[in-house]
Amino acid sequence: MTTEYTMFEALKHIGMSYDLVERGIEIKEVDTNRACFAFNLDSDPALINIVLKALEEDNKDPSVVQP
């Protein structure tokens with residue numbers, strides 16, 4: 001999880017293209033900056049869906065602790 005700018009700079013630093021990642025979901029109320037959660041494009045779609053569902057639930061009610 002990172003800001004888009006930080007992710008772009010980190011990928012550039014290791015010689016990788018920003019095109020290798022895709023923004024999954026915005027995480028609300030972390031602070032005043034937008035945050036991103038990136039997955040490798042070869043990641044298991046089932047794993048991505050589990051994480052996205054948990055983040056969506058957290059965005060609805062950040063006080064709920066996810067298992």
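Analysis parameters
Residues numbered from 1 in each chain as written. Predicted model: local features only at pLDDT ≥ 70, side-chain atom pairs only at ≥ 80, totals over all residues. Heavy atoms only, no water. Helix = DSSP H or I, 4+ residues; strand = E, 2+ residues; numbered from the N terminus. Contact = heavy atoms within 4.5 Å. Areas by Shrake-Rupley, 256 points an atom, 1.4 Å probe, with all protein chains shown as cover. Salt bridge = Lys/Arg side-chain N within 4 Å of Asp/Glu carboxyl O. Buried < 20%, exposed > 50% of the residue type's maximum accessible area, 1.4 Å probe, protein only. pLDDT = per-residue confidence, 0-100. Patch = residues over 30% accessible without salt bridge, like charges linked within 9 Å, V, L, I, M, F, W, Y side chains within 5 Å.

Colleague: Just checking my understanding: could you explain the overall build of the protein for this structure?
Modeller: For the protein, the count of helices and strands is 2 helices and 2 strands. For the protein, the sequential pattern of α-helices and β-strands runs α-β-β-α. Long-range pairs, those at least 24 residues apart, make up 39% of the contacts in the protein with a sequence separation of at least 6. Roughly 5,300 Å² of accessible area belongs to the protein as shown, and the carbon and sulfur atoms make up 56% of that amount.

Colleague: How should the pattern of salt bridges be read in this particular structure?
Modeller: In a structure, side chains of opposite charge can pair up when their charged atoms sit close to one another. Evaluated as defined, the whole model comprises 1 salt bridge. Between Glu9 and Lys12 there is a salt bridge whose closest N-O contact spans 3.5 Å. A residue pair is termed a helical-turn pair when its members lie 3 or 4 positions apart in one helix, as Glu9 and Lys12 do in helix H1 (residues 4–13) at 3 residues. Given the relative accessible area of 27%, Glu9 is considered partly exposed.

Colleague: I would appreciate a short explanation of the confidence of the model for the protein in the present structure.
Modeller: If pLDDT is low for a region, its predicted coordinates should not be looked at in detail. Of the residues in the protein, 64% reach a pLDDT of 70 or more, and the chain-wide mean stands at 75. The lowest-confidence element of the protein is strand S1 (residues 21–23), averaging 75 in pLDDT; the highest-confidence one is H1, averaging 84.

Colleague: Please explain a nonpolar patch on the surface as it appears in this structure.
Modeller: Together, Ile14, Met16 and Leu20 make up a nonpolar patch on the protein surface, roughly 270 Å² of accessible area in all. Note that Ile14 resides in the loop between H1 and S1.

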